[in-house]
Amino acid sequence: MSDKIIFLDVETGGLSPETDALLEIGAVFVEDNNIVGEYSQLIIPSDDLKIHETALRVNKLNIEDIHCTGRFEDEVLVDFLAEANKYNMVNAKIAGWNVSFDVEFLKNLFKRCSVIYPFSYRTLDVQSIWYFYNQTIVKSSYQSLSDVSNLLCGVKTEHRAFSDALATFNIYKHMLNNSQEDRVQKQRELYLKSFKNE
């Protein structure tokens, strides 16, 4: 059985999934650690949802772009589900950087459109994996997605939904592929350091 994961990131008009707008969805569809598909879409929010100016600045979004190139919530939901179905990702795990934030906004989109949430309730929080990996192997002070992406993969993100979803996947893949190799290197360094201290 193959391992299917959707690496998801959203940009929002604030911090509350119930009252603030979902403005952008970015996703990377992954099967057995290989990218099989991608999704990115700006969302024109309903008038009853809030968009805070601070959130627009942080997310590097503006209302004009959203209204020019965005699509309405129900259209985005249908399109996103079609992409997930295309890659047999319905029931897949959702992964992300602080994934609970993204998942709550996604679940609220399904709820607002009166559609049953079809994805697995099992999630994969790459930020939590980073904390463990960092404490045991890397020992870096970096905590933000962009900084960690730059440290491990040599790529700074632009803090938009798709680039953050892709960065999260690349960080996950790096940690998965290099954890054993990095651990051996750290042990070697500690071993050599112990001789220098004698």
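So, here is what we can say about the structure in this document. (Residues numbered from 1 in each chain as written. Predicted model: local features only at pLDDT ≥ 70, side-chain atom pairs only at ≥ 80, totals over all residues. Heavy atoms only, no water.)

**Re the packing of aromatic side chains**
Alright, step 1. Using the criterion set out here, one finds 11 aromatic pairs in the structure.
Alright, step 2. Ring centres of Phe7 and Phe169 lie 5.2 Å apart, and the angle between their planes is 70°; this geometry places the pair in the edge-to-face category. Taken together, the positions of Phe7 in strand 1 (residues 4-12) and Phe169 in helix 7 (residues 161-196) put the pair 162 residues apart, joining distant regions of the chain.
Alright, step 3. Looking at Phe169, the relative accessible area reads 2%, which means it is buried.
Alright, step 4. Note on Phe110 and Tyr117: the rings are 5.5 Å apart at their centroids and 80° apart in plane angle, and the pair reads as edge-to-face.
Alright, step 5. Its relative accessible area of 0% is what places Phe110 among the buried residues.
Alright, step 6. Through a chain of ring-to-ring contacts, the aromatic side chains of Phe29, Tyr39, Phe80, Tyr87, Phe110, Tyr117, Phe119 and Tyr121 assemble into a single cluster.
Alright, step 7. Positioned over the ring face of Tyr117 is Lys107, at 5.7 Å from the centre of the ring. (Phe/Tyr/Trp six-rings, centres within 6.5 Å; stacked < 30°, edge-to-face > 60°. Helix = DSSP H or I, 4+ residues; strand = E, 2+ residues; numbered from the N terminus. Buried < 20%, exposed > 50% of the residue type's maximum accessible area, 1.4 Å probe, protein only. Lys NZ or Arg CZ within 6 Å of the ring centre and 35° of its normal.)

**A word on the pairing of strand 5 (residues 93-96)**
Consecutive residues of a regular strand have side chains that alternate between opposite faces of the sheet.
Alright, step 1. Burial along strand 5 is two-sided: Lys93 and Ala95 and Ile94 and Gly96, pointing in opposite directions, are all buried.
Alright, step 2. Here strand 1 runs beside strand 5; their pairing, made up of three bridges, is parallel. Paired with Ile5 across the strands is Lys93, a residue of strand 5.
Alright, step 3. Relative to strand 6 (residues 123-125), strand 5 runs parallel, the two being bridged by three bridges. Counterpart to Ile94 in the pairing with strand 6 is Thr123. (Pairing = 2+ DSSP bridges.)

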